[in-house]
Amino acid sequence: MNLSDHAILVADDLSDQERTLLELTATPAATLLGAVSMILRTTLFGEDPAVWVDMWQARPDLARVEWMDGPELPAVVAHLAAKDYDGTIEGVPGLRLTSCDDTSAKMHWLGAATPVELHLTRQLS
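For the structure given in this document, a descriptive report is provided here. Owing to the predicted nature of the structure, the values given are computational and were not obtained by experimental measurement. (Residues numbered from 1 in each chain as written. Predicted model: local features only at pLDDT ≥ 70, side-chain atom pairs only at ≥ 80, totals over all residues. Heavy atoms only, no water.)

Comments concerning the overall build of the protein
Here is the rule we go by: A helix here means a DSSP run of H or I that spans at least four residues, while a strand means a run of E at least two residues long, and both kinds are numbered starting from the N terminus. Each radius of gyration reported is based on C-alpha atoms, and the globular scaling rule is 2.2 Å times the count of residues to the power 0.38. Buried, partly exposed and exposed residues are distinguished by accessible area as a fraction of the type maximum, computed with a 1.4 Å probe on protein chains only: under 20%, between the cut-offs, and over 50%, respectively. By definition in these notes, contact holds between two residues if any of their heavy atoms fall within 4.5 Å. Computed with the Shrake-Rupley method and a 1.4 Å probe, the accessible areas treat only the protein chains shown as cover for residues.
Across its full length, the protein holds 3 helices and 7 strands. The secondary structure elements of the protein, listed N-terminal to C-terminal, are α-α-β-β-α-β-β-β-β-β. Its C-alpha atoms give the protein a radius of gyration of 17 Å, clearly above 14 Å, the size a compact globule of 125 residues would have. Counting only C-alpha atoms and orienting by the principal axes, one finds that the protein spans roughly 50 × 35 × 25 Å. A burial count over the protein gives 27% of its 125 residues as buried. Partitioning the intrachain contacts of the protein with sequence separation of at least 6 by distance along the chain shows that 50% fall at a separation of at least 24. Looking at the protein as shown, the accessible area adds up to about 8000 Å², and 56% of this sits on carbon and sulfur atoms.

Describing the pattern of salt bridges
Defined as follows: A pairing counts as a salt bridge when a side-chain nitrogen of Lys or Arg comes within 4 Å of a carboxyl oxygen of Asp or Glu.
Using the criterion set out here, one finds 4 salt bridges in the structure. The residue D13 makes a salt bridge to R19 at a minimum N-O spacing of 3.0 Å. Relative accessible area serves as the criterion here: at 36%, R19 is assigned to the partly exposed category. Its salt-bridge partner being D61, residue R59 comes within 2.8 Å of it at the nearest N-O pair. Ionic contacts of the salt-bridge type, sharing partners, join the residues R59, D61 and E117 into one network.

Geometry only, nothing functional implied.
What follows is the structure, encoded as structure tokens:
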């Protein structure tokens, strides 16, 4: 990387283009994906690691996580869902289960002004 590249922004304020890009990328779905990745960073690559993992925001109110092999979907859902153990919250605060089967699950997150859907999919090789 050439640090003398004149395209590198050094101003103390955001440019108009940066503000526009942040409006598109710094969304509630992106915030949810950050929380999900913090919880799953060891789960998906533990004893039975996933072959690959992909996370993306399809819309500001829809996030998706897919992986191949690795942990079974119900175990991942149980790990992510908010739980209250005598006043200690575990999982992603505000994340609720909507539906779940062997290969896909839908959850919704109440941690933003507008609820965010989370779709989880486990692919099999």
